[in-house]
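# Descriptive analysis of the structure
Letter by letter, the chains look like this.
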Amino acid sequence: MDQVDWKPIRSAQYPLHQQIYEYLKQKILNGEWTVGVKIPPLRILAEQLNVNRSTVVAALEELAADGFIDSRVGYGTFVANNTWSTISSGAAPDWKTYVDSGVHKSNQSIIQEINRSEFRADMIRLGTGELAPEFLPRKKMKGIFQQKTAQELSLSYTEPKGSYSLRAAICDYLKRKGIEASPSSVLIVSGGLQALQLISLGLLQKGSVVFHESPSYVTSVNVFQSAGMNLLGVPMGDKGMKTELLPKLRRQHHASLLYTIPTFHNPTGHTMPVLKREELLQTCSHERLPILEDDVYGDLWFEEPPPQPLKANDRQGLVLYMGSISKTLGPGLRIGWLVGPEQVIDRLADIKMQTDYGSSTLSQYAVAQWLQSGLYDEHIFHLREKLKFRRDTAIRILEKYYSGIATWNNPAGGFYIWLKLYEAVSMDKLFKRALKAGILINPGNIYDYKDSSHIRISYSYAEPAQLEKGLKRLAEIIGEMSRR
Ligand SMILES: Cc1ncc(COP(=O)(O)O)c(C=O)c1O
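Source: prediction; values computed, not measured.

Around the ligand, 14 residues are found, and the nearest of them are Gly192, Asp294, Tyr297, Ser324 and Ser326. Between the ligand and Leu193 there is a distance of 2.9 Å, counted from an oxygen atom to a backbone nitrogen or oxygen. At 2.5 Å, a side-chain N or O of Asp294 approaches a nitrogen atom of the ligand. Taking 400 Å² as the accessible area of the ligand by itself, protein coverage stands at 91%. Of the residues that constitute the shell around the ligand, the class distribution is 6 nonpolar, 5 polar and 3 charged.

Helical geometry: 3.6 residues make up each α-helical turn, so side chains three or four residues apart lie on a common side. Helix length check: helix H12 (residues 274-287), at 14 residues, gives a terminal C-alpha distance of 20 Å against a target of 20 Å (1.5 Å per residue), a fit within 8%. For H12, every residue scored as buried is listed here: Lys276, Arg277, Leu280, Leu281, Thr283, Cys284 and Glu287. Considered in projection along H12, the buried side chains sweep an arc of 170° and stay on one side of the axis. In H12, the exposed positions that point more than 90 degrees away from the buried face belong to Leu275, Gln282 and His286. Its buried side turned inward, H12 meets strand E7 (240-241), helix H11 (246-252), strand E8 (255-260), strand E9 (291-294) and strand E10 (319-324). Once H12 ends, the next one or two residues include Arg288, with phi positive near 50°.

The subject of this paragraph is the nonpolar core. The biggest cluster of nonpolar side chains holds 106 residues, and the ones touching the most others in it are Phe224, Leu292 and Leu474. It is helix H15 (residues 375-401) that provides the largest number of residues to this core, a total of 9 residues. Both domains that meet at this core, namely domain 2 (109-130 + 379-483) and domain 3 (149-373), each give it at least three residues. Contact partners of Leu474, with chain neighbours within four places excluded, come to Leu126, Tyr402, Leu430, Ala434, Ile439, Ile441, Ile455 and Ile457. The next biggest cluster of nonpolar side chains, apart from the first, holds 21 residues, and it includes Val4, Ala59, Leu63 and Ile69.

For the rest of this paragraph, the subject is the packing of aromatic side chains. Enumeration over the complete set of coordinates arrives at 10 aromatic pairs. An angle of 90° between the planes, with centres 5.8 Å apart, marks the rings of Tyr173 and Tyr376 as edge-to-face. With Tyr173 in helix H8 (residues 164-175) and Tyr376 in helix H15, this pair connects stretches of sequence that are 203 residues apart. Both residues of the pair, Tyr173 and Tyr376, belong to the buried class. Between Trp418 and Tyr447, the aromatic rings sit 6.2 Å apart at their centres with planes inclined by 75°, giving edge-to-face as the arrangement. Of this pair, Trp418 sits in strand E13 (residues 416-421) while Tyr447 sits in the loop between strand E15 (442-443) and strand E16 (454-458), and the two are 29 residues apart along the sequence. Of the two residues, Trp418 and Tyr447, both sit in the buried class. Cluster of aromatic residues (ring-pair linked, three or more members): Tyr173, Trp337 and Tyr376. Above the plane of the ring of Phe78 lies Arg72, whose end atom (NZ or CZ) is 3.9 Å from the centre. Here the basic side chain of Arg125 rests over the ring of Tyr461, its NZ or CZ set 3.9 Å away from the ring centre.

Procedures and definitions
Residues numbered from 1 in each chain as written. Predicted model: local features only at pLDDT ≥ 70, side-chain atom pairs only at ≥ 80, totals over all residues. Heavy atoms only, no water. Near = heavy atom within 4 Å. Polar contact = N/O pair within 3.5 Å; in protein donor to acceptor, adjacent residues only side chain to side chain. Areas by Shrake-Rupley, 256 points an atom, 1.4 Å probe, with all protein chains shown as cover. Nonpolar A, V, L, I, M, F, W, Y, C, P; charged D, E, K, R; others polar. Helix = DSSP H or I, 4+ residues; strand = E, 2+ residues; numbered from the N terminus. Expected span 1.5 Å × (residues − 1). Buried < 20%, exposed > 50% of the residue type's maximum accessible area, 1.4 Å probe, protein only. Arc of directions from axis to C-beta. Contact = heavy atoms within 4.5 Å. Core = buried A, V, L, I, M, F, W, Y, C linked by side-chain atoms within 4.5 Å. Domains from an automatic or database assignment. Phe/Tyr/Trp six-rings, centres within 6.5 Å; stacked < 30°, edge-to-face > 60°. Lys NZ or Arg CZ within 6 Å of the ring centre and 35° of its normal.

Rendered as structure tokens:
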């Protein structure tokens with residue numbers, strides 16, 4: 001409700017304020033903005049409609065004169081009336097109460113702003129955890145669909161765990177990482193995020209605690225919290241999560257799961273060394289604490305392959321392992337996988353059937369083709385080169401503009417550099433100032449709400465020239481904020 005995705009036409013015969021009046025009136029008359037809804041503040045409306053405030057004021061005055069809206073001093077402007085609710089016998093439902101009492105939590109407001117601003121063409125996206133469109137193999141994808149005749153393409157539902165040929169292809173692919181799995185222990189999901197959601201709904205008790213590295217990607221989505229679990233961040237040292245803290249934390253909390261991103265961690269870019277992996281497996285085995293291993297970046301190494309996933313050394317069925325093609329082939333395909341003990345996979349497949357009847361059949365077909373044909377390996381080979389070049393470029397730019405204000409890691413793969421500012425700043429203010437300057441960043445407090453000195457820089461999206469322009473300007477903004 002704080003977003004207006006329309007703009008008046010400047011060349012039209014109608015005056016701008018008249019067009020805005022008509023637009024807002026239609027929103028109210030159509031029931032899109034129901035009685036009681038707060039309309040966006042004047043400043044925001046003027047910005048989004050790309051007009052002067054006085055133009056918006058003229059339109060609002062007219063709406064108020066017609067009785068559609070009403071202003072309450074200190075509270076804002078609200079929809080007061082619409083013809084539909086006046087002529088219908090009952091009042092319109094109080095949607096605000098429904099919205100406020102829905103089970104799923106809202107995104108953090110910064111994340112909502114990021115999700116909106118990522119679609120603005122004028123933004124330099126320094127934080128986006130996504131491959132640049134030019135890195136996505138669109139031509140080859142087209143070719144894959146052209147190989148099949150229309151009769152051969154299935155548009156039907158797939159079986160509960162997902163297409164068998166895709167699951168078999170994933171098992172072959174995982175074998176090369178040292179993971180032994182058969183198709184019956186693999187569930188195809190609509191991206192890794194859905195695996196988290198299914199686990200939260202199908203395996204965990206309300207009130208239980210999920211341990212994770214702090215900072216972590218998992219705090220940027222409210223999947224576990226919305227299902228009634230609490231998150232507890234375990235601090236990270238030089239070698240990753242401080243596993244020595246786990247037994248004590250386990251005694252203090254009703255922990256049900258440990259979520260970890262051991263390879264090219266989001267947001268720090270860190271990779272857990274072999275010894276730490278062994279230690280983590282041993283500790284969790286001793287504590288009988290299941291592990292959810294998130295390996296969505298594992299294929300994106302630059303100089304040498306990372307250590308084997310935890311799952312490769314799990315003989316007890318302690319580890320649930322998730323992967324996805326979002327960071328390699330295309331997030332729009334919405335395909336990921338979860339590997340684990342069969343009783344877990346059966347349970348989650350049953351919930352998935354109740355939730356969405358399976359992931360897109362066309363996407364599953366395409367991913368199976370990529371994996372089986374060898375095209376995936378070929379693509380990844382070139383992608384690593386391109387990403388490595390972007391990483392090196394980002395590091396060079398940081399050396400040029402950030403030597404006096406921050407330190408950073410040099411990631412061995414994945415998308416992210418975890419920039420640590422020497423001086424703490426208000427993350428919210430920094431985010432807003434950068435946004436105003438046309439730069440979109442992912443501030444550290446998304447990944448650890450107490451954080452006031454980190455920024456997650458992603459080199460996977462912005463082109464080198466944009467990366468330089470954005471990082472240079474961001475350094476100036478940080479400098480201005482620290483001098484105050
Ligand atoms: C660590 C990690 N896990 C899971 C996901 C979810 O990705 P998807 O649902 O697109 O597979 C992301 C996306 O940013 C991520 O960074």
